There are 2 protein chains.
Amino acid sequence: MDTDTGVALPPMAFNLWGTVEEAKPLGDSPRKLLAKLMGVTGDDGTAARDVPVGQVSLSPVGLAEGHLTALAGIVGASHLTTEDAQRAPRSRGKSSLDLLEWRAGAAGQEISAPDAVLAPGTEDEVLKVLQYCTEHSIAVVPFGGGTSVVGGLTPFREDGGRDYAGVVSLDLARFDTVSDVDAVSGLATLGAGLSGPAAELALADHGLQIGHYPQSFPYATIGGYAVTRSSGQNSAGYGRFDDMVRELTLVTPSGIMTVGQASPASAAGPDLRELVMGSEGAFGVVTSVRLRVHPVPQVKRYEAFTFPDFATGAAALRAVKQTGTGPTVIRLSDEIESSVNLSSGDKVGETQSPPGCMCITLFEGTPEHASSRHEETRNLLLAHGATSVGEDPARHWEQGRFNAPVLRDSLLDAGALCETLETATDWANVPRLKKTVGDALASSLNKSGTMALIMCHISHVYAEGCSLYFTIVAAQQGDPVAQWRAAKTAVTRALTENGGTVTHHHAVGNDHRPFMDAEIGELGVAVLQAVKAKLDPAGIMNPGTLVEAAGAGGASGAAGVSS
Amino acid sequence: MDTDTGVALPPMAFNLWGTVEEAKPLGDSPRKLLAKLMGVTGDDGTAARDVPVGQVSLSPVGLAEGHLTALAGIVGASHLTTEDAQRAPRSRGKSSLDLLEWRAGAAGQEISAPDAVLAPGTEDEVLKVLQYCTEHSIAVVPFGGGTSVVGGLTPFREDGGRDYAGVVSLDLARFDTVSDVDAVSGLATLGAGLSGPAAELALADHGLQIGHYPQSFPYATIGGYAVTRSSGQNSAGYGRFDDMVRELTLVTPSGIMTVGQASPASAAGPDLRELVMGSEGAFGVVTSVRLRVHPVPQVKRYEAFTFPDFATGAAALRAVKQTGTGPTVIRLSDEIESSVNLSSGDKVGETQSPPGCMCITLFEGTPEHASSRHEETRNLLLAHGATSVGEDPARHWEQGRFNAPVLRDSLLDAGALCETLETATDWANVPRLKKTVGDALASSLNKSGTMALIMCHISHVYAEGCSLYFTIVAAQQGDPVAQWRAAKTAVTRALTENGGTVTHHHAVGNDHRPFMDAEIGELGVAVLQAVKAKLDPAGIMNPGTLVEAAGAGGASGAAGVSS
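Residues numbered from 1 in each chain as written. Chains lettered and ligands numbered in written order. Predicted model: local features only at pLDDT ≥ 70, side-chain atom pairs only at ≥ 80, totals over all residues. Heavy atoms only, no water.

Engineer: What is the right way to look at the overall build of chain A in this model?
Structural biologist: Along its length, chain A carries 18 helices and 20 strands. Relative to the compact-globule value of 24 Å for 563 residues, chain A shows a C-alpha radius of gyration of 23 Å, a close match. Among the 563 residues that make up chain A, the fraction classed as buried is 62%. Summarising the internal contacts of chain A: among those between residues at least 6 apart in sequence, 78% fall at separations of at least 24. Here chain A displays about 18,300 Å² of accessible surface, and carbon together with sulfur accounts for 52% of that area. For chain A, the distance from the average site of its 41 positive side-chain charges to the average site of its 63 negative ones is 4 Å. (Helix = DSSP H or I, 4+ residues; strand = E, 2+ residues; numbered from the N terminus. Rg over C-alpha atoms; globule rule 2.2 N^0.38 Å. Buried < 20%, exposed > 50% of the residue type's maximum accessible area, 1.4 Å probe, protein only. Contact = heavy atoms within 4.5 Å. Areas by Shrake-Rupley, 256 points an atom, 1.4 Å probe, with all protein chains shown as cover. Lys, Arg positive; Asp, Glu negative; His and termini not counted. Charge placed at Lys NZ, Arg CZ, Asp CG, Glu CD.)

Engineer: Help me understand the domain arrangement of chain A, please; the structure alone is not making it clear to me.
Structural biologist: Residue and element names in this part refer to chain A. For chain A, the domain assignment lists domain 1 (178-295), domain 2 (299-400) and domain 3 (513-557). Using only C-alpha atoms to locate each centre, domain 1 and domain 2 end up separated by 28 Å. On the domain 2 side, the residues contacting the seven residues of domain 1 number eight residues. Here domain 1 and domain 2 share an interface that buries about 530 Å² over both sides, 44% of which is from carbon and sulfur atoms. Taken as a group, Gln-233, Asn-234 and Ala-236 account for 72% of the area that domain 1 buries against domain 2, more than any other trio of residues on that side. Applying the counting criterion to the domain 1 and domain 2 interface returns zero salt bridges. At the boundary of domain 1 with domain 2, the tally comes to three residue pairs in polar contact (both at pLDDT 80 or more). Broken down by element, the side of domain 1 that touches domain 2 gets its largest block of residues, four residues, from helix 8 (residues 235-238). Its residues placed into classes, the side of domain 1 that touches domain 2 shows two nonpolar, five polar and no charged. (Domains from an automatic or database assignment. Buried area = accessible area lost by both parts, 1.4 Å probe. Salt bridge = Lys/Arg side-chain N within 4 Å of Asp/Glu carboxyl O. Polar contact = N/O pair within 3.5 Å; in protein donor to acceptor, adjacent residues only side chain to side chain. Nonpolar A, V, L, I, M, F, W, Y, C, P; charged D, E, K, R; others polar.)

Engineer: Help me understand helix 1 (residues 28-38) of chain A, please; the structure alone is not making it clear to me.
Structural biologist: Think of an α-helix as 3.6 residues a turn; residues three or four steps apart then line up on the same face. Residues and elements named next belong to chain A. Buried within helix 1 are the following residues: Pro-30, Leu-33, Leu-34 and Met-38. All buried residues of helix 1 fall inside an arc of 100° around its axis, so they share one side. Of the residues in helix 1, the exposed ones pointing more than 90 degrees away from the buried face are Asp-28, Lys-32 and Lys-36. Tucked into the core, helix 1 has its buried residues touching helix 15 (404-413), strand 18 (416-426), strand 19 (452-458) and strand 20 (465-475). Positive phi appears at Gly-39, one or two residues downstream of helix 1, with a value of about 65°. (Arc of directions from axis to C-beta.)

Engineer: Would you explain helix 16 (residues 430-447) of chain A in this entry?
Structural biologist: All names here are of chain A. Between its first and last C-alpha, helix 16 extends 26 Å over 18 residues, near the 26 Å set by a 1.5 Å rise per residue. The set of residues buried in helix 16 consists of Val-430, Leu-433, Lys-434, Thr-436, Val-437, Gly-438, Ala-440, Leu-441, Ser-444 and Leu-445. Looking at the buried residues of helix 16, the elements they touch are helix 11 (310-323), strand 18, strand 19, strand 20 and helix 17 (480-497). In the segment just after helix 16, Gly-449 is the residue with positive phi, at about 105°. (Expected span 1.5 Å × (residues − 1).)

Engineer: Just to check I follow, could you spell out the sheet that holds strand 10 (residues 245-252) of chain B for this structure?
Structural biologist: Each strand in a sheet pairs with its neighbour through backbone hydrogen bonds, running either in the same direction (parallel) or in the opposite one (antiparallel). Residues and elements named next belong to chain B. Here we have five strands laid out as an open sheet, ordered 7-8-12-10-11, and antiparallel in their pairing. Lying at the two open borders of the sheet, with one neighbouring strand each, are strand 7 (178-182) and strand 11 (255-259). Within this sheet the neighbouring strands show an average axis-to-axis angle of 10°, counted without direction. One ladder, built from five bridges, connects strand 8 (residues 187-191) with strand 12 (residues 285-292); its direction is antiparallel. (Pairing = 2+ DSSP bridges. Axes fitted to C-alpha atoms, helices over the stretch in contact; angles between N-to-C directions.)

Engineer: I'm lost on the nonpolar core in this one. Help?
Structural biologist: Looking at soluble globular proteins, one finds that nonpolar side chains tend to be buried together. Core analysis: the biggest nonpolar cluster contains 157 residues, and A:Leu71, A:Ile222, A:Leu291, B:Ile222 and B:Leu291 have the highest contact counts within it. With residues up to four places along the chain from it excluded, the contact list for A:Leu291 reads A:Gly186, A:Leu187, A:Ala188, A:Leu190, A:Ile210, A:Ile222, A:Phe241, A:Met244 and A:Val245. (Core = buried A, V, L, I, M, F, W, Y, C linked by side-chain atoms within 4.5 Å.)

Engineer: Help me understand the relation of the copies chain A and chain B, please; the structure alone is not making it clear to me.
Structural biologist: The pair of chain copies shares a relation made of a rotation about an axis and a shift along it. Expressed as a screw transformation, the operator carrying chain A onto chain B has a rotation angle of 180° and an axial translation of 0.0 Å, and the superposed copies differ by an RMSD of 0.0 Å. On the angle and the small slide along the axis, the relation comes out as a two-fold axis. Comparing contact sets, 99% of the residues at the interface of chain A also lie at the interface in chain B, consistent with an isologous, same-surface contact. (Least-squares fit on C-alpha atoms with pLDDT ≥ 70 in both.)

Engineer: It is not clear to me how the environment of A:Phe143 should be interpreted in this structure. Could you clarify?
Structural biologist: All names here are of chain A. Topologically, Phe-143 is positioned in strand 3 (residues 138-143). Between the C-alpha atom of Phe-143 and that of Cys-466, which follows or precedes it by 323 residues, the distance is 30 Å. Contact partners of Phe-143, with chain neighbours within four places excluded, come to Pro-10, Pro-89, Arg-90, Leu-153, Ser-169, Leu-170, Asp-171 and Leu-172.

Engineer: Just to check I follow, could you spell out unusual backbone geometry for this structure?
Structural biologist: A negative phi angle characterises most non-glycine residues, just as the trans form characterises most peptide bonds. All names here are of chain B. Unusually for a residue other than glycine, Ser-137 sits at a positive phi of about 55°. Classification of Ser-137 as buried rests on a relative accessible area of 0%. Residues other than glycine seldom take positive phi values, yet Leu-546 does so here, at roughly 60°. Tracing the backbone shows Leu-546 in the segment after helix 18 (516-535). The buried category is assigned to Leu-546, whose relative accessible area is 0%.

Engineer: I'm lost on the packing of aromatic side chains in this one. Help?
Structural biologist: Each aromatic ring pair is characterised by the separation of its centres together with the angle its planes make. One pass over the structure, following the stated rule, counts ten aromatic pairs over all chains. The interplanar angle of 80° and the centroid separation of 5.9 Å between the aromatic rings of A:Trp17 and A:Tyr219 together place this pair among those described as edge-to-face. Placement of A:Trp17 in the segment before helix 1 and of A:Tyr219 in the loop between strand 9 (208-209) and helix 7 (222-228) is noted, with a sequence separation of 202 residues between them. Geometrically, the ring pair formed by B:Tyr225 and B:Phe241 is tilted, given 5.1 Å between the ring centres and 55° between the ring planes. Taken as a pair, B:Tyr225 in helix 7 (residues 222-228) and B:Phe241 in helix 9 (residues 241-244) lie far apart in primary sequence, 16 residues in all. Given a relative accessible area of 3%, B:Tyr225 falls into the buried group. Through a chain of ring-to-ring contacts, the aromatic side chains of A:Tyr213, A:Phe217 and A:Phe402 assemble into a single cluster. Above the ring of A:Phe143, the side-chain terminus of A:Arg90 is found at 5.3 Å from the ring centroid. The side chain of A:Lys434 reaches across the aromatic face of A:Phe310, ending 4.8 Å from its centre. (Phe/Tyr/Trp six-rings, centres within 6.5 Å; stacked < 30°, edge-to-face > 60°. Lys NZ or Arg CZ within 6 Å of the ring centre and 35° of its normal.)

Engineer: Just to check I follow, could you spell out the interface of chain A and chain B for this structure?
Structural biologist: One frequently used descriptor of interface size is the decrease in accessible area upon assembly of the parts. Between chain A and chain B, the residue contacts involve 77 residues of the former and 76 residues of the latter. Of the roughly 5,200 Å² buried where chain A meets chain B, counting both sides, 63% is carbon and sulfur surface. Among the residues of chain A in contact with chain B, A:Pro270, A:Glu464 and A:Leu523 are the three that bury the most area, contributing 13% of the side total. For the pair chain A and chain B, the number of links is eight salt bridges. Ionic pairing is found between B:Glu464 and A:Arg292, a salt bridge with its closest N-O pair at 2.8 Å.

Engineer: Which parts of the structure should I look at to understand the pairing of strand 8 of chain B?
Structural biologist: Consecutive side chains of a regular strand alternate in pointing toward one face of the sheet and then the other. All names here are of chain B. Counting buried residues along strand 8, five of its five residues qualify, which places the element largely inside the surrounding structure. Residues Leu-187, Thr-189 and Gly-191 of strand 8 are buried on one face, and the alternating residues Ala-188 and Leu-190, pointing to the opposite face, are buried as well. Bridging between strand 7 and strand 8 involves three bridges; their strand directions are antiparallel. When the bridges of strand 8 are listed, Val-178 appears paired with Leu-190. What sits between strand 7 and strand 8 in their antiparallel hairpin is a turn of four residues, with Gly-186 showing a positive phi close to 80°.

Engineer: Looking at this structure, how should I read the sheet that holds strand 3 (residues 138-143) of chain B?
Structural biologist: Residues and elements named next belong to chain B. The four strands are arranged 1-2-6-3 in an open sheet whose pairing can be described as mixed. A single partner strand is all that each edge strand has here, and the edge strands are strand 1 (80-81) and strand 3. With two bridges connecting them, strand 1 and strand 2 (residues 116-118) associate as antiparallel partners. By the bridge assignment, Leu-80 is partnered in strand 2 with Leu-118. Helix 5 (residues 123-136) rests against strand 2, strand 3 and strand 6 (166-171) of the sheet, and its axis sits at about 145° to strand 3.

As structure tokens, this is what we get:
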């Protein structure tokens, strides 16, 4: 059943963020800072970028030959592979825990992998695959860009008392068309497997853009954005991804469901789009998304500001959003983040000048509109304690906007622990939540024997609140996986008890699943399980994520469960 | 079991929109127009405002004394009544079909009514009522302001093969508190039974407002807005009601579910708020809503414009929304609606001057913000073919903004048929949908023997499309209920086949339920049924609306169904 080149390799290396070509050792400034702050002194042996996929042993292919043959019969033999080089990059996402697990794999630990990778080409093939897998209790993990940072891609062979006959990765890469472009209304239908850059390139031919730029933009896909409810850096101007979605096609074991087709807005009952968005592959496979798009902006205007302290800056961002002055990007780094120039790309680690909290703004649109929004926003920021520091810091930020995740691998190789976490809350609760999260992180990491550099910024603003994005750097101590799990558990508990969401835009995956009771309540979880039972009666869709399938093998009608 | 004054009478008369005091005969201008256009000549006998509730016979109280006693034991005897004067106003909403049915009732037809009216005071009482009714198969119809125009309040004694032991109206009026006002973040928690005006009055004490003004504003309630996904006239500035909702508490037979509490925005799975909104009482009872509020605007600026034709005006509105120039109100009446001055309140029927399509704009906010939005919007409108006609038409519109529904009763009494319907679609599809709907209405009404005055406006705009709101006046012919049902059926079919939603902001109720398969597909309906089966296992919640409860008496665990 091993095959040829019909399945495209995903662009990122199996064990890093990004490609081997992009990967590099830690630069001098961050290296010096690490040594100074936490005694981390250098490379820790073999860098991940130098580990070939053949060095890691994956779980053996455990799916019976008969199933492999049947599945190849559905998608075509050239679109199914069991090669390790294809299984590995689809075995994990890109959380720090995932990246640390690969480093342990390089040192000999066996890494669980899907048994096979399928790359179907039509909705009908996807439907048939799901129906076959339902009948034979084979778990299916949809794969887009592979950028999950919450354990949304880990292949589970059992969940909630169900054992699966195997696990397959269902790659959306062949769903890559752009169609039904309506430039008047500002809509376009995109295949779920299109990466962000490929989608923007295709739409640019029509003079249109989506304008959704999460840090995963170089690799993540349209379908992935939709099922995780991601939010991009231009959210102030264009909204979160879930604001952009007009229509979705979800292929489920129970059939194909298209949601949101009727109109821009409707009162025809509950909004089913909002059940599909955030479902993370646990209800079915999103194959196609109809998105709200807009003309490529004619101009971009830049300005950066500093504030004397985070509270002053936060109050100014609140005024901007509540008044509605309309920037495309507005971000505020706290004192610590500003002081290490985290947003500057290549200057990370150098002492920042001038001091204070850095605030980046961008304004896009027609010349009149961009200038009108810039004017009103600047006046309001200055009235709220900002000092302008000109264009350059904002231009620098834009140039380096997708680089930070690459830095993380360099840090991990150097013996530092590096991870991010994010939440959101109401403006009035920001100081308390920020302090609570910072304290929980510091306390847990200090207990493990290291000081921690805890940086924070606001990058998504709402009328009633904002997101808080934390970047944590500490020295690895003992087993860094256990070290981080302890910190993550402590902080997530602190979040849910202090008015924060467990995730503003990274999704639930497996990592946040234990906290869903606290997040949405038992009845909320039961409702999601009822929906899953209707759409995925055998509980084969992305086990281990979102919510457990209810009732293994019994009332929900699951078939073919093997033990 | 008949009781006293513990249950407040709803403010509207049982058989009219509004109060008897507000009701009045048709004015001279509209009367002349009706006579000229369609030969309708005058009052048709007794005006609805002159019919006392005692003149109409309601279905007898059919719920057994034992159940009435038990329910009184839960809510308190003074909060349960079986008096006709209380049952009547909670027997129907305010669609034209409802109003016509009352006129038939005045002429002797028996009108089905709920057996009893309950007014619980706490979430726990609501929960106990729902649990009791689940056990004994008693249908429950939640009642807020009674403004449903889609048959969302009709008491059904059987649905989908289930017979109910009785039907009770559950009045939310005692859920009338305002609490947890967070003026910094712009949030407040409101009891679901608060009317719009009462809510705005209470919030004004804090310098805050909601800013949601549907035509039902004088009477509709916070809970009603939430479960119907209503949209108000200031939607351009502040969004639809579903954009304003941060958190909801839903009391269901299966327990109490709070959704949306975590944060301004979250990626923690599907958004359960969007399952509750639009559920129209079919999943449970919304008792409390936490809303996004904003400071009462400091200034309001007005300007009206005319366009030479509807297409030019629509293109201009599209430019305003897609650019994001930010008006609070923007509306465009088509040629026919403009020509009868429908938006002018007292001048309806007079020949409009100047001719063309009337466009109303309003700008609210701080002086700087309102003036900045006004400037940018005006410039864009003028560049797209508008001619300014100054402030007065906009001020007139604002003064008469809630009056139109009262006019409808005057028309019905005069022998005219009058109703509204609304939809939404993408900008590129607006001309086709407008023509298709207009043709379907005209064709059906012409067949019944009358010409029809069909007026249309845009009052809600989105980046990719807009709503279309039709007001229809014709002469009653034969049985006006049958006459309207035929027209409504023809037009709804035309809508679903031509890219329109069956309802942009009026909801599904019973009237639109037959079209849900076309609107959201069979699997979509099945998903809603699965959610209902989890939250309302005996299918007692507002039967006849949204979707049928699945499987009467069987697999969904319904108990106590009597035949």
